[in-house]
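Structure assessment
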Amino acid sequence: MEQRVSSISSDPVPDWAEKVAERLGPGPHMVVTGISPSGNIHIGNLREVLVGEAVVNALKARGEEVRFVFHADTIDPLRKIAPGVPKEYEHYLGHSLSRVPDPEGCHASYAEHFLGPFEEVLVRMGVEIEFLRSHELYESGFYTEVTREALEHTAELCRILQEVSGREMPEHWSPYLPRAASGSLSGTRVVEHLPEERRVVFMDEGGREGSADYSKGEGKLGWRVELAARWKALGATFEPFGKDHTSRGGSTDTADRMAREVFRYPVPGRYEYEWIQIKGKGAMSSSKGIVLLPGELLDIMPPGALRRMVLGRDPTRALDLDLVEGFPRFMDEYKAGTENNPVPFAHLVTVAQTVGGDAEAAASMLLKGGYREAAADREKLVEDLGYARNWTKAWAPESLRFGMLEPAEVPEVAAGLSAEQRRYLAAVAYGLEEGMDGDEVQNLLYSTAVEFGLKPKAAFGAVYTVLLGKKSGPKAGPFVAGLDTGFVRERFLKVLEDTTAGRAES
Ligand SMILES: [Zn+2]
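Calculation notes
- Residues numbered from 1 in each chain as written.
- Predicted model: local features only at pLDDT ≥ 70, side-chain atom pairs only at ≥ 80, totals over all residues.
- Heavy atoms only, no water.
- Helix = DSSP H or I, 4+ residues; strand = E, 2+ residues; numbered from the N terminus.
- Rg over C-alpha atoms; globule rule 2.2 N^0.38 Å.
- Buried < 20%, exposed > 50% of the residue type's maximum accessible area, 1.4 Å probe, protein only.
- Contact = heavy atoms within 4.5 Å.
- Areas by Shrake-Rupley, 256 points an atom, 1.4 Å probe, with all protein chains shown as cover.
- Phe/Tyr/Trp six-rings, centres within 6.5 Å; stacked < 30°, edge-to-face > 60°.
- Pairing = 2+ DSSP bridges.
- Axes fitted to C-alpha atoms, helices over the stretch in contact; angles between N-to-C directions.
- Donors = N, O, S within 2.8 Å, 3.2 Å for Na, K, Ca; no water.
- Tetrahedral: all angles 85-135°; square planar, octahedral: opposite > 155°, others 65-115°.
- Polar contact = N/O pair within 3.5 Å; in protein donor to acceptor, adjacent residues only side chain to side chain.
- pLDDT = per-residue confidence, 0-100.
- Salt bridge = Lys/Arg side-chain N within 4 Å of Asp/Glu carboxyl O.
- Core = buried A, V, L, I, M, F, W, Y, C linked by side-chain atoms within 4.5 Å.

**Examining the overall build of the protein**
- The number of helices and strands found in the protein is 22 helices and 13 strands.
- For the protein, the C-alpha radius of gyration of 31 Å lies well beyond 23 Å, the compact-globule estimate for 506 residues.
- Taking the principal axes of its C-alpha atoms as reference, the protein extends roughly 100 × 50 × 35 Å.
- Of all 506 residues assigned to the protein, the portion counted as buried reaches 51%.
- Sequence-distant contacts in the protein: of pairs separated by 6 or more residues, those separated by 24 or more amount to 70%.
- A total accessible area of about 23600 Å² is found for the protein, and carbon and sulfur atoms account for 49% of it.

Right, dumping it as structure tokens:
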């Protein structure tokens, strides 16, 4: 797999990101993004990181000092078994994701299993971000002070939760979730806070007493309190959110009040991004198994294109990803902005399917098509052919898929051609000259059809039949022009011979 890392600095800062940065005051800035790695981290989650990155770039462009972090909520409890994970994992419900074993045994934990591929994509894309893991932050004492503060303001935090969410809070509610001896973070009840010793005394579900040192990660703050507490601990000045968090009474509503009224910390700048859907499949959802992994998309396009695709024109708008019919047009728009004389993506798809992995043959096909720049840069060409090939395998509509017919297959496939079609192919073979470009071949195919009184459909159908074994295919002129002239001549004339031989025998 390609591991080429692109530079982010070459991507222009989008207008919306500039506006967001303008609303943020003077720095230094701390831009926070994050995810709970409870299942596959999909392309919708990538949108959050890329929104953060765009704002970071906008801030840097005006000379600000910026830290950019990815806060992985690895200490969060496992709430639901991800699709494909064995049912026995129900035993781990309530346990920290960092302490649940990897269901496939390839990483150190359940959390790492899902974080690993996502972080790898960020590295491949050249996103300059610090990776933080919440269980390490709790264990190292990073959250000790805000945890103490939260515990001391238990009543106020509880009141805010009740007022904002409208929910009746349990009698013994605590902002802190100590870890029981079983490993579970749920069902425990804090009965005493000992701030001098930085620990709480709690009762577990079975009524047994326990003690948790909150400076050592022996528990965590509940999610809504933690959100506000980590803004303060990290010094966050900006954080993008998906719309599930920003709904009325949602986690940002409670965190905003907690930050102001309890932690005495200014609410960081905010940006609400919309969801990404896959055309024909619906909204991305790890729990429903509707998932598109960012790594799969890096197999079909370069990092710059993926950035553009995931952000869209405006990330506050929902995005319906069309990776099938609409993808070649998307790639062409992207290439138009980044390349000189770009090769249309559909043509790359044709070339890739015609020459397989042969870069030399691909270069000569492109040269004949008039794409000198693309033919000259071999490294990029190999990469582009890889994207085209991977897209064809995974997403291309049937109409764009083809394979060159092997010589032995020709007689059988060509058996249905009429005598006129055969003579037409022979005439084209004689008219074909080395060095003709796509337009010239297209003219030849067309004018010869007129000459033989053949309808274009029958004429071009004959061409596709003997080359691809199909009645249709890529635009014939550039396609045929890109092939070796000797090969095409031989193939077109062979059909005429085959008939003669066949008729002589019968
Ligand atoms: Zn794994």
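On we go from here.
**Concerning the packing of aromatic side chains**
- Overall, the coordinates contain 15 aromatic pairs when judged by the stated rule.
- Ring centres of Tyr176 and Tyr214 lie 6.0 Å apart, and the angle between their planes is 65°; on these two criteria the pair is classed as edge-to-face. Placement of the pair is Tyr176 in strand β4 (residues 176–178) and Tyr214 in the loop between β7 (209–213) and β8 (219–221), with a sequence separation of 38 residues.
- Take Tyr214: its relative accessible area is 1%, and that puts it in the buried class.
- The rings of Tyr89, Tyr92, Tyr110 and Phe114 are connected pair by pair, giving a single aromatic cluster.

**Looking at the sheet that holds strand β6 (residues 199–203)**
- With antiparallel pairing, 3 strands are arranged side by side in an open sheet as β5-β6-β7. With one partner strand each, in any of the chains shown, β5 (189–194) and β7 form the two edges of the open sheet. Strand-to-strand, the axes of this sheet are offset by a mean angle of 25°, without reference to chain direction.
- Sheet topology note: the β6/β7 ladder contains 5 bridges and is antiparallel. Within β7, the residue paired with Val200 across the bridge is Ala212.

**Notes on the coordination of the zinc ion**
- Protein-derived coordination of the zinc ion comes from Asp102 (OD), Cys106 (SG), His107 (ND1) and His113 (ND1), at a distance range of 1.9 to 2.2 Å.
- Around the zinc ion, the 4 donor atoms are arranged such that angles at the metal cover 109 to 111°; this shape is classified as tetrahedral.
- Mapped onto the sequence, the residues coordinating the zinc ion show the spacing D-x3-C-H-x5-H.

**Structural notes on the environment of Tyr271**
- With respect to the helices and strands, the residue Tyr271 is situated in strand β10 (residues 269–273).
- Note: C-alpha distance between Tyr271 and Val51 (220 residues apart in sequence) is 8.4 Å.
- Not counting the four nearest positions on each side in its chain, Tyr271 is found in contact with Trp16, Val20, Val51, Phe238, Glu239, Pro240, Phe241, Asp314, Pro315 and Thr316.
- Looking at Tyr271, its side chain comes within polar contact range of the side chain of Asp314, at 3.4 Å.

**Some thoughts on the confidence of the model for the protein**
- Per-residue pLDDT for the protein averages 91, and the proportion of residues at 70 or more is 94%.
- For residues 1–9, every residue scores under 50 in pLDDT, and the model assigns this stretch 24 contacts once sequence neighbours within four places are set aside.
- A low-confidence stretch, residues 501–506 stays under pLDDT 50, and its non-local contacts, those more than four residues away or across chains, total 1 contact.

**Some points on the pattern of salt bridges**
- Scanning the entire structure with this criterion turns up 29 salt bridges.
- For Asp299, the salt bridge is made with Arg124, and the minimal N-O distance between the two is 3.9 Å. In this pair, Asp299 sits in the loop between α10 (294–298) and α11 (303–311) while Arg124 sits in helix α3 (residues 110–124), placing the two residues 175 residues apart along the sequence.
- Judged by its relative accessible area of 24%, Asp299 is partly exposed.
- Because the salt bridges share partners, they merge into one network encompassing Arg159, Glu163, Arg257 and Glu261.

**Thoughts on helix α9 (residues 251–261)**
- Restricting attention to buried positions, one finds in α9 the residues Ser251, Thr252, Thr254, Ala255, Asp256, Met258 and Ala259.
- Along its buried surface, α9 packs onto α6 (154–165), α7 (223–234), β9 (238–242), α8 (243–246) and β10.

**Notes on the environment of Trp223**
- For Trp223, the position within the fold is in helix α7.
- Here Trp223 falls in the partly exposed class, since its relative accessible area comes to 24%.
- Between the C-alpha atom of Trp223 and that of Ser251, which follows or precedes it by 28 residues, the distance is 8.3 Å.
- Ignoring anything within four residues of it in the chain, the contact list for Trp223 reads Asp73, Arg230, His245 and Ser251.

**Things to note about the nonpolar core**
- Counting 111 residues, the largest nonpolar core has Met301 and Phe327 as the members making the most contacts within it.
- With 10 residues, helix α2 (residues 43–61) is the largest single contributor of residues to this core.
- Excluding its chain neighbours within four sequence positions, the residues that come into contact with Phe327 are Ile300, Met301, Met309, Asp322, Phe345 and Trp391.
- Leu157, Leu234, Ala255 and Val262 belong to the second-largest nonpolar core, a separate cluster that totals 39 residues.

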